[in-house]
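# Overview (structure and organization)
Now for the letters of each chain:
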Amino acid sequence: MKRIWNLDELAEHWSLKFEETQLLKTKPTRNHLAFVAQLKYYQNTGRFPLATNDIPETPLHYLADQLEITVDQIHEYDWLGRSGTRHRKEILEFLGIRRVSAADKSAFSDWLIDNLYPHGADIEDAIESAFEWFQKHKVECPAGKELDRLVRSAYQQFELNLYEHFANCLSVESKILMGQSLDGVEGVVNFSDIKADPGRVGLDSVLKEVEKISFIRSLHLPVETFSSFNTKVLQRYRQRVNSESAWEVKQHPETIRYGLFAIFLYWRQREIIDGLIELFIQIVHRLSARAERKLVKTLLSDFQKVHGKTTLLFRIAEAALDNPNGLVKEVVYPVAGEDTLKSLLKEYKSSGPAYQQQVHKILRSSYSNHYRRMLPKILEALTFCSNNTQHRPVLDALDWLKHNQTSNQRYITLDDTIPVDGVIQPKWRDIVIEDNQGEKRINRINYEICVLQALRKRLRCKEIWVVDADRYRNPDDDLPLDFDANRENYYQDLGQTTDATAFVEQLRSEMSSALELLNREMPKNRKVRILSQGKNRISITPLAPQQEPMNLAYLKREITGRWPMTSLLDVLKEADLRIGFSDHFKTVADRENPDRQSLQQRILLCLYGMGTNTGLKRVSGSRHGISYKELLNVRRRFIHKAALRNAIGQVANAIFTARNPSIWGEGTTSCASDSKKFGSWDQNLMTEWHIRYGGRGVMIYWHVEKKSTCIYSQLKRCSSSEVAAMIEGVLRHCTDMEIDRQYVDSHGQSEVAFAFSHLLGFDLLPRLKAIASQKLYRPGDDKPGDYPNLEPILTRPINWELIIQQYDEMIKYATALKQGTADPEAILRRFTRNNIQHPYKALAELGKVIKTIFLCRYIGSEELRQEIHEGLNVVENWNSANVFIFYGKGGEVATNRLEDQELSVLALHLLQISLVYVNTLMIQQVLNEPNWLSRMKLEDFRALTPLIYAHVNPYGLFELDMNTRLPIEVAA
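Presented here is a report on the structure given in the accompanying data block. (Residues numbered from 1 in each chain as written. Predicted model: local features only at pLDDT ≥ 70, side-chain atom pairs only at ≥ 80, totals over all residues. Heavy atoms only, no water.)

## Some words on the pairing of strand S9 (residues 670-679)
Consecutive side chains along a regular strand alternate between the two faces of the sheet. Most of S9 is tucked away, with seven of its ten residues classed as buried. Pairing of S9 with strand S13 (residues 741-745) involves three bridges; the strand directions are parallel. Residue pairing across strands places serine 670 opposite arginine 741, the latter belonging to S13. Strand direction decides the pairing type here: S9 and strand S11 (residues 696-705), joined by nine bridges, are antiparallel. Each bridged residue has a counterpart across the sheet, and for serine 673 the counterpart in S11 is histidine 703. (Buried < 20%, exposed > 50% of the residue type's maximum accessible area, 1.4 Å probe, protein only. Helix = DSSP H or I, 4+ residues; strand = E, 2+ residues; numbered from the N terminus. Pairing = 2+ DSSP bridges.)

## Considering helix H25 (residues 500-521)
The end-to-end C-alpha distance of H25 is 32 Å, a good match for the 32 Å that 22 residues give at a rise of 1.5 Å each. Listed as buried for H25 are Ala500, Phe503, Val504, Leu507, Arg508, Met511, Ser512, Ala514, Leu515, Leu518 and Asn519. Viewed along the axis of H25, the buried residues span an arc of 165°, placing them on a single side of the element. At the N-terminal boundary of H25, the capping side chain belongs to aspartate 499, with an oxygen 3.0 Å from the backbone nitrogen of threonine 501. (Expected span 1.5 Å × (residues − 1). Arc of directions from axis to C-beta. Polar contact = N/O pair within 3.5 Å; in protein donor to acceptor, adjacent residues only side chain to side chain.)

## Section: the pattern of salt bridges
Applying the stated criterion to the full structure yields 50 salt bridges. Of the charged contacts in the structure, one is a salt bridge between arginine 152 and aspartate 148, with a shortest N-O distance of 3.0 Å. With arginine 152 and aspartate 148 both in helix H8 (residues 144-168) and four residues apart, the pair spans about one turn of that helix. For arginine 152, a relative accessible area of 41% puts it in the partly exposed group. Given the relative accessible area of 26%, aspartate 148 is considered partly exposed. One salt bridge in this structure joins arginine 471 and aspartate 274, with 4.0 Å as the shortest N-O distance. Of this pair, arginine 471 sits in the loop between strand S5 (465-466) and helix H24 (487-494) while aspartate 274 sits in helix H15 (residues 254-301), and the two are 197 residues apart along the sequence. Three or more residues are tied together by salt bridges with common partners; here these are Asp274, Glu278, Arg471 and Arg717. (Salt bridge = Lys/Arg side-chain N within 4 Å of Asp/Glu carboxyl O.)

## Examining the side chain of histidine 951
Counting through the fold element by element, histidine 951 comes out in the loop between helix H42 (938-943) and strand S17 (952-953). Using a relative accessible area of 1% as the deciding quantity, one classes histidine 951 as buried. Polar side-chain contacts of histidine 951 include one of 2.9 Å to the side chain of asparagine 919. Excluding anything up to four places from it in sequence, histidine 951 contacts Ile559, Thr560, Trp563, Pro564, Met565, Thr566, Asn919 and Met922. (Contact = heavy atoms within 4.5 Å.)

## Re the sheet that holds strand S3 (residues 433-436)
Hydrogen bonds along the backbone pair up the strands of a sheet, which may run parallel or antiparallel. Sheet architecture is open: three strands sit in the order S2-S4-S3, paired in antiparallel fashion. Looking at which strands have only one partner, the edges of the open sheet turn out to be strand S2 (411-413) and S3. Taking the axes of each pair of neighbouring strands and ignoring which way they run, one obtains an average angle of 40° across the sheet. The sheet contact formed by S3 and strand S4 (residues 439-443) spans four bridges and is antiparallel. Following the sheet pairing, aspartate 435 is matched in S4 by lysine 440. This element, helix H23 (residues 444-460), spans S2 and S4 of the sheet and lies at about 60° to S4. (Axes fitted to C-alpha atoms, helices over the stretch in contact; angles between N-to-C directions.)

## Digging into the nonpolar core
Counting residues in each nonpolar core, the largest one holds 163 residues, and the members touching the most others are Phe581, Phe585, Phe756 and Leu910. For this core, the element with the highest residue contribution is helix H40 (residues 898-927), accounting for 17 residues. Residue contacts for phenylalanine 585: discarding those within four places in its chain leaves Arg596, Ile603, Leu607, Phe638, Ile639, Ala643, Leu644, Ala647 and Leu910. In terms of nonpolar packing, the next biggest core, distinct from the first, is built from 109 residues, Ile194, Leu234, Leu276 and Leu452 among them. (Core = buried A, V, L, I, M, F, W, Y, C linked by side-chain atoms within 4.5 Å.)

This is a description of form; function is not addressed.
Shown next as structure tokens:
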């Protein structure tokens, strides 16, 4: 039950009716509050409280005020005694709740199997929903063990029905092939290869992925049947098969084996297609990039820029005209020597059409000699589609190549059957279309290269999509399918008006007010100057650095003295013993073998080995006597992404609950986000070369609130959108925190990001590196001279009509982001500068409005600039602790499996946030002492952070004694 209630909710759900108060006449006053508390709690939840702490404090006081008594009386009530039992029985009779019968239990089980489990609910969800079901049917809910038995029995029946359904959809031939794959028969793609991620970018990886798709398609899986099931259900069983070896899969009964394997293969097909598209996109990019690098390297080896070309050419022309019959050596060389002319020729070749022709020559050589083999394989394996007729020529070109792939002709006569417009870029046209004695002909290989480049460009922005893909699926499937039917509800959920004109007028008013305020305050602003000339016209005085308060150094020293050399493994254990986050780690198999206490110890060791990057072998053995194989088994079966995210959310919520407001202040609603590069192995699609930091690696994008609690993390490519990562963190974090202010650096913002942040209901507050060159847009209804102090940085007016026209479309995309119908990066991929369609234009225009309002606040308020800077400094501090914790293997993510990379990042997150939790308790224990609290000043509290680690030791022997505890007072 939720703990926070407002007045309207209290009045609706916790107000006592006259007939309810009449029940109190036969009871002593000391039991009145406990009785009505049980009554209202049951009406709201469908179950009875078992202790006073089960009832939220605010509703309890609300009930006491209605009865005109104090809350203290309830503490003497015996909830499980005879009075409590009698009162519960009386409440059930009053509400008309009858005893549960065998028919009720059967109906409940049928409801779980037919209505709840097919939508992705697990056993815990079913138990929560059970109370509501029994209350709705006026039936007494069974006791704990009986209810648990009913729920689990129904779940087993649901699984059996599911396995039988999918197994019966398979032909005998398909089952034979699946068995051969599990047995590792030669000539059939084996199970371990199907599980494997794509390797490094290259032709071999493409051919292997195509082979996997061909095998899965040869099984003729019932794709339409699978697509009708909830994805959460399918992903759960996909995870189960992924954690098992081929031998373990074969041990299942035949129906379960084929049902599970079919689900796994269906989901892997989607993932393999996505991986193949990623390989294709990166290979086509690499072809062009390598050709340019090779040419530049050749040119730079002997390139010398020629200065004064215009004057030089004038002098050569003058000399030639004066002596038209003379020799070049006698006429031209005295003006421009042989070396100068060679340099001039090389400079011309390094730019313009000649340069492009040389790039294409190198690209053509690399493609025709090696990569051309992938084209027929990709055309055969993938089915490309588009919802926009503008991109139809690219699809027609692909069809043409597919039907003519057996042809070996180097040149093909150009006719109407060969798509040209919309396929060949203008700069390549002369290279692809050649003139042969007055007849136009196509250079076949050059044309193929242009088609592949055009396809890559449209796949990236999802204007062309692929059948049976997941991330590259039909973009219409990313949007809520019931938007038109539930339009008003979706608008209400976003907190936006359905009237586009009213929406625009509100924004226009806010924009005008912001510009007027900034214009009025600029003459008094000594920290900002608006320059009238040059490209960079905004000059802002940098913030003065602040020194660390002395008392914080003394506090850190005190903590180091009280808890010296605290083992990081003990920190993780202490957090789990207090919070119980290890309960989230459930097996993906059908039963748990070890007892929960032994399992807890193994889970903590696995998390520590992964979170420090030391590995499971390093933490195995020691005095705890747990072997590497035991840890590996626990890691495969119990530790997965969903469990780690839930555990992280529970620790974050525990930090928020444990904080003393007199020390940390009231709870914040602001968060900062930034990324950090980690080195990683490169035989996978996630690792990329980082242009800014150098070296191959991956990025981890962190969301950290103001007091160093990281609420969300995600693994991403170095080149992927930080805007999408920022939006995902705000919407998907698993904590009780509500974010209304988001700090980012320059890479986490864009005009589209400003637009979506406004529609989703939070402020985007970036620290802009290029603030000096920013421009402010005009509201459109202003007059010349309305903002004289801002004139040098003002630009064109906003196109409000475009925002009104596309308002509904923008809300639809914002709803898709909030509802989670698609990954934010998949949605934002459509809104790039390469895809200038109306929704993108409207979002960019809306973003200009919101960004202008923000810039007015940012320029005019030094307090806002300092707030943003402080928020981002917290993320930098979090990043600095990553190196201290993730120290194993040189801090490099030492795996090529995407799933293992993600688990390592999440384990690091859990380990670091557990350190923040334990440090919070330690700091509070010290500051709860009057002599320490009196020493703290305002600046000390402002700079106080629980992310300290001078007293922590992550190295040494990995000993885990579950019977010892860190000496921290529980009261802290």
